[in-house]
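Survey of secondary and tertiary structure
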Amino acid sequence: MRKSDQNSLPRIDLHIHTIHSGDSSLRPNVVPRIAIQRGLSGIAIVTHHKPSHVARSAFREVANAAPENLLVVGGSEVRVREGFHILTLGFFAEDGIPLLQLSELAKAESGILVLAHPFTLSLRLPKPTSKLPVHAVETHNAKSIPFRRSSALAQEYANRYQLATTGGSDAHSPYSIGNCYTVTDTLCETLDDLIDAIAKKRTRGSGKPTPIPVRFGEIILSLPYRLRRF
Ligand SMILES: [Zn+2]
Ligand SMILES: [Zn+2]
């Protein structure tokens, strides 16, 4: 495929946090506009480490502000009992659930599980060493450190276990939305289209890291929201 063709393929940012995540300055009503400015055809609003009803509200607020031509997927980012961060796309879940139980829940809800930023430098995050019951691996997370190496390791892991790959910005402010994204070879207009594309491994992660100064800026911008309760 030529590079120009690749550039025109639909892009979905599958990892965005709003103020409901408690450490982001992104107001739900501004997210769709910025996503469209960045050329995205879809976004996933994941809320981390919060009860499911909070994650559901975040999704609804963004979806209500979105035009029809922008796919908005709702979900959670949970820390499972085994310590991994998992994105649940199409349904909501809470921290502390064992991964196998989450996998059963995903089946029951017809949702998707994505292993988030598996190889970023972190003392708290375990590195996967065997096949996990997930549908996809987030090979491109704009906040992973070091970006190229952690992306390469995640790609290797996905290849070894024949898992689909995705990308997401892990945005906590308007400035990093779309830095990483998931490329799909057909336009995903509905959640079912996206689930189908991931199940058939017709997605891949891509993008660039969020620059360090922007990351510091995000932390400063989020301070008032970190002090609030939702
Ligand atoms: Zn995470
Ligand atoms: Zn995140």
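Higher on the page you've got the structure.
Residues numbered from 1 in each chain as written. Chains lettered and ligands numbered in written order. Predicted model: local features only at pLDDT ≥ 70, side-chain atom pairs only at ≥ 80, totals over all residues.

**A few points about the overall build of the protein**
A count of helices and strands for the protein gives seven helices and nine strands. Relative to the 2.2 N^0.38 estimate, which gives 17 Å for 230 residues, the radius of gyration of the protein is 16 Å and therefore close to what a compact globule would have. Expressed along its principal axes, the backbone C-alpha trace of the protein runs to roughly 45 × 40 × 35 Å. Here the protein, with 230 residues, has 50% of them falling under the buried criterion. By sequence separation, contacts in the protein at least 24 residues apart represent 67% of the contacts at least 6 residues apart. (Helix = DSSP H or I, 4+ residues; strand = E, 2+ residues; numbered from the N terminus. Rg over C-alpha atoms; globule rule 2.2 N^0.38 Å. Buried ≥ 20, exposed ≤ 12 C-beta atoms within 10 Å, placed from the backbone. Contact = placed C-beta atoms within 7 Å.)

**A few points about the environment of Val31**
Take Val31: it is sitting in helix α2 (residues 31-37). Taking the number of C-beta atoms within 10 Å as the measure of exposure, Val31 has 26 and is therefore buried. Along the sequence, Val31 and Ser173 sit 142 residues apart, while their C-alpha atoms lie 9.3 Å from each other. Residues within four places of Val31 in sequence aside, it is in contact with Ile16, Thr18, Leu26, Ile43 and Val62.

**Topic: the sheet that holds strand β8 (residues 180-184)**
As summarised here, the arrangement of the nine strands in space is β7-β6-β5-β4-β3-β2-β1-β8-β9, forming an open sheet in which the pairing is mixed. In this open sheet, the two strands that pair with only one neighbour each are β7 (164-168) and β9 (203-207). Across the sheet, the mean angle from the axis of one strand to that of its neighbour is 30°, orientation sign disregarded. Where strand β6 (residues 136-141) meets β7, five bridges bridge the pair, whose relative direction is parallel. By the bridge assignment, Val137 is partnered in β7 with Thr165. Helix-sheet contacts for helix α5 (residues 147-160) involve β6 and β7, and the interaxial angle to β6 is about 165°. (Pairing = 2+ DSSP bridges. Axes fitted to C-alpha atoms, helices over the stretch in contact; angles between N-to-C directions.)

**Comments concerning α5**
If you check α5, its first and last C-alpha atoms are 20 Å apart, about what 14 residues at 1.5 Å a residue would give, namely 20 Å. Its buried side turned inward, α5 meets β6 and β7. Of the residues flanking the end of α5, it is Gln162, one or two places downstream, whose phi is positive at about 55°. (Expected span 1.5 Å × (residues − 1).)

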